[in-house]
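So the chains spell out like this:
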Amino acid sequence: DFDSNITSPFFTASAGSINSSSGVWTAPSVIGQTARITATGGGFTATRDLIVLESLPYQPSFAISARVTKKVLVSEAEDGHRVSRVKSAGNKKNRPFELTFRSRGITELEAMISFWETYYPGSLFIYDDLTMGERIPVYFDSDISYEISASCDIDYSLRLKEGS
């Protein structure tokens, strides 16, 4: 969804589809494609370019461990006076996600390792957080750890970090 401070904007998209009045956009299926979203109205125009990212191919087992963090510098004087500064870009939150995938098969593990090899360490992709109803741009922030049981079920885990 796109919000704009333009009164009664009319939305258009160069790729995918967009509701012209609400700004609800459906991304195209071509990974890596750039889509330009434009809002016009009242003599004003605003544009935003978006790169279509691939999604993490599997959903984790629940529960998901997550935190909300910001990079900050805090200094506290002897008298208790405190001074701080936020170092996170744009004062935005930064969430790490610790995901566990339980009782999976070897085919899924191999596919996840292949996905990890493609995107680790510095390429963004999308994590569909079904519990919060969000699609979050993330990076891999760890190796993949896995354990194979006597019944050949595989548990594996990894960590993601919210990107921008």
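Residues numbered from 1 in each chain as written. Predicted model: local features only at pLDDT ≥ 70, side-chain atom pairs only at ≥ 80, totals over all residues. Heavy atoms only, no water.

Participant: Can you tell me about the sheet that holds strand E1 (residues 10-13), naming the residues and giving the values?
Facilitator: Taken in spatial order, the 3 strands make up an open sheet running E1-E4-E5, and their pairing is antiparallel. Sheet topology places E1 and strand E5 (44-51) at the edges, where each strand pairs with a single neighbour. Pairs of neighbouring strands in the sheet enclose a mean axial angle of 15 degrees, with direction left out of account. The pairing of strand E4 (residues 34-41) with E5 spans 8 bridges and is antiparallel. When the sheet's bridge partners are listed, Ala35 is paired in E5 with Leu50. (Pairing = 2+ DSSP bridges. Helix = DSSP H or I, 4+ residues; strand = E, 2+ residues; numbered from the N terminus. Axes fitted to C-alpha atoms, helices over the stretch in contact; angles between N-to-C directions.)

Participant: Any details on unusual backbone geometry? Residues and values, ideally.
Facilitator: In this model, Tyr120 is joined to Pro121 through a cis peptide bond whose omega is 10 degrees. Position of Pro121 relative to the elements: it lies in the loop between helix H1 (106-119) and strand E10 (125-129). Its identity is not glycine, yet Ser8 carries a phi of approximately 45 degrees, on the positive side. Considering the arrangement of structural elements, one finds Ser8 in the segment before E1.

Participant: Account for the pairing of strand E12 (residues 145-148), naming residues and giving values.
Facilitator: For E12 and strand E13 (residues 154-162), the ladder comprises 4 bridges, and the chain directions are antiparallel. Within E13, the position partnered with Ile148 by the bridge is Ile154. Linking E12 to E13, which pair antiparallel, is a turn of 5 residues; within it Cys152 sits at a positive phi near 75 degrees.

Participant: Please set out the environment of Gly23 residue by residue, giving values where relevant.
Facilitator: Secondary-structure assignment places Gly23 in the loop between strand E2 (17-18) and strand E3 (25-26). Under the relative-accessibility criterion, Gly23 is labelled buried at 0%. For the pair formed by Gly23 and Ala39, sequence separation is 16 residues and the distance between their alpha carbons is 8.4 Å. (Buried < 20%, exposed > 50% of the residue type's maximum accessible area, 1.4 Å probe, protein only.)

Participant: Give me the pattern of salt bridges: which residues, what numbers.
Facilitator: Applying the stated criterion across every chain yields a total of 7 salt bridges. Notably, a salt bridge pairs Arg104 with Glu108, separated by 2.8 Å at the nearest N-O pair. Accessibility classification places Arg104 together with Glu108 in one group, the buried group. Each of Arg95, Glu134 and Glu162 takes part in one network of salt bridges that share partners. (Salt bridge = Lys/Arg side-chain N within 4 Å of Asp/Glu carboxyl O.)

Participant: Go over the nonpolar core with me, naming the residues and quoting the values.
Facilitator: Ranked by size, the top nonpolar core spans 19 residues in total, and within it Leu56, Phe140, Leu158 and Leu160 carry the most contacts. Among the secondary structure elements, those contributing two or more residues to this core are strand E9 (96-104), H1, E10, strand E11 (134-140) and E13. Here this core takes 5 residues from H1, the largest share from any one element. Sequence-distant contacts of Leu160, that is, excluding residues within four places in its chain, are made with Leu56, Arg95, Pro96, Phe97, Leu99, Phe125, Tyr127, Val138, Tyr139, Phe140 and Asp141. Counting 10 residues, the second largest nonpolar core, distinct from the first, contains Phe11, Ile18, Ile37 and Ala39. (Core = buried A, V, L, I, M, F, W, Y, C linked by side-chain atoms within 4.5 Å. Contact = heavy atoms within 4.5 Å.)

Participant: Explain the pairing of E11 residue by residue, including any values.
Facilitator: When E10 meets E11, the two strands line up antiparallel, connected through 5 bridges. The residue bridging Asp128 from the neighbouring strand is Arg135, located in E11. Counting the residues in the hairpin turn of E10 and E11 gives 4 residues, including Gly133, whose phi is positive at 70 degrees. As paired strands, E11 and E13 are joined by 3 bridges and run antiparallel to one another. Note on E13: the bridge partner recorded for Tyr139 is Lys161.

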